[in-house]
Amino acid sequence: MGEQIDSTAQPRLDGIIALVTGASRGVGRGVADALTQCGAQVYVTGRSFTSGDDAALNGGRRAIRCDHRNDADTEAVFSRIVAETGRLDLLVNSAWGGYERMVEAGEFTWPLPFWRQPAWRWDAMFTGGVRAAFVCSQHAAAIMHAQGGGLIVNLSYWAAQKFLGNTIYGAAKCATDRLTQDMAAELAGSQVAVVSLYPGLVRTEAVMESAAFLDLSNSESPQFSGRAIAHLYADAERQRRSGTVVVAASLALELGFDDIDGRQPVPLSLDNA
């Protein structure tokens, strides 16, 4: 069972059509949970969803099996959403790769120096993450530009700005933030905004498996990022944020919302990320 969501004081997104990629677990699933609680009609994609493309997840979300490394799969998702709803208001690029197969031949490979990193991790992060976000954003921007507005959120992290133990990860997050910046420049003058969102330490399924070894006192629920995105979408001045990095916990302090347990996470920074 997931953590219970308290939707008190959350913005209403009734009638909003949203797509969250990579939402079978982790932050993506939490984002979809929170957006659904705010009233949005949410489509979710994931490689692990079982065959019933028309199967509805709890809360009424529409689950579509999709491997975003495959452009035909991605195109089919956007075609389906437009066919069923006629629009797309919010895209959250949460699909990511490179966290799998952490242990190979008995060795934990994540912290190894770059010359010993498995080459597949580069492809997993750049193809399954950065490129997937780019292709999804291409489809979304075309739809949103034609309809006169929308929001694209790229989930990113502090590794774009400081070394956090893995060179490939840092390069991929730098690329994600640069996508945000340059896509926003090309969308300037439209009503389509693009931001990078930085969560903090999130209590995902994988993190909770190691909870005994972690300090979770300043952690965030997976839904907290979804609350941040809901407030971003509802913000009348969201356009001024386009092209920037938004720290979820900092936005919570600015706009006055908290996590599902009522706590206010302390924003991470370059000093404490």
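For the structure, check the block above.
**Things to note about the packing of helix 1 (residues 26-37) against helix 6 (residues 222-234)**
Moving on, step 1. Axis separation between helix 1 and helix 6 bottoms out at 7 Å; the angle between their running directions is 50 degrees. When the axes of helix 1 and helix 6 are compared, the pair comes out oblique. Crossing geometry of helix 1 relative to helix 6 is assigned as right-handed. Along its contact with helix 1, which presents Gly-26, Val-27, Gly-30, Val-31, Asp-33, Ala-34 and Leu-35, the element helix 6 presents Pro-222, Gln-223, Ser-225, Gly-226, Arg-227, Ile-229 and Ala-230.

**Quick notes on the pattern of salt bridges**
Moving on, step 1. Per the stated rule, a full pass over the model turns up 16 salt bridges.
Moving on, step 2. Taking the shortest distance from any N to any O, the salt bridge between Glu-84 and Arg-80 comes out at 3.0 Å. Of this pair, Glu-84 and Arg-80 both sit in helix 2 (residues 71-85), four residues apart, which is roughly one turn of that helix.
Moving on, step 3. With relative accessibility at 44%, the residue Glu-84 sits in the partly exposed group.
Moving on, step 4. Taking relative accessible area as the criterion, Arg-80 reaches 13% and is therefore assigned buried.
Moving on, step 5. For Arg-240, the salt bridge is made with Glu-254, and the minimal N-O distance between the two is 3.3 Å. Here Glu-254 lies in helix 7 (residues 248-255) and Arg-240 lies in the loop between helix 6 and strand 9 (245-247), a separation of 14 residues in the sequence.
Moving on, step 6. Using a relative accessible area of 51% as the deciding quantity, one classes Arg-240 as exposed.
Moving on, step 7. Put simply, Asp-235, Glu-237, Arg-240, Arg-241 and Glu-254 are held in one network by salt bridges that share partners.

**As for unusual backbone geometry**
Moving on, step 1. Unusually for a residue other than glycine, Arg-101 sits at a positive phi of about 50 degrees.
Moving on, step 2. Here Arg-101 lies in the loop between strand 4 (90-93) and strand 5 (103-104).
Moving on, step 3. Look at Arg-101 and you get partly exposed, because its relative accessible area is 47%.

Rules used throughout
- Residues numbered from 1 in each chain as written.
- Predicted model: local features only at pLDDT ≥ 70, side-chain atom pairs only at ≥ 80, totals over all residues.
- Heavy atoms only, no water.
- Axes fitted to C-alpha atoms, helices over the stretch in contact; angles between N-to-C directions.
- Helix = DSSP H or I, 4+ residues; strand = E, 2+ residues; numbered from the N terminus.
- Parallel < 35°, antiparallel > 145°, perpendicular 65-115°, else oblique.
- Left-handed = near helix turned anticlockwise from the far one by under 90°.
- Contact = heavy atoms within 4.5 Å.
- Salt bridge = Lys/Arg side-chain N within 4 Å of Asp/Glu carboxyl O.
- Buried < 20%, exposed > 50% of the residue type's maximum accessible area, 1.4 Å probe, protein only.

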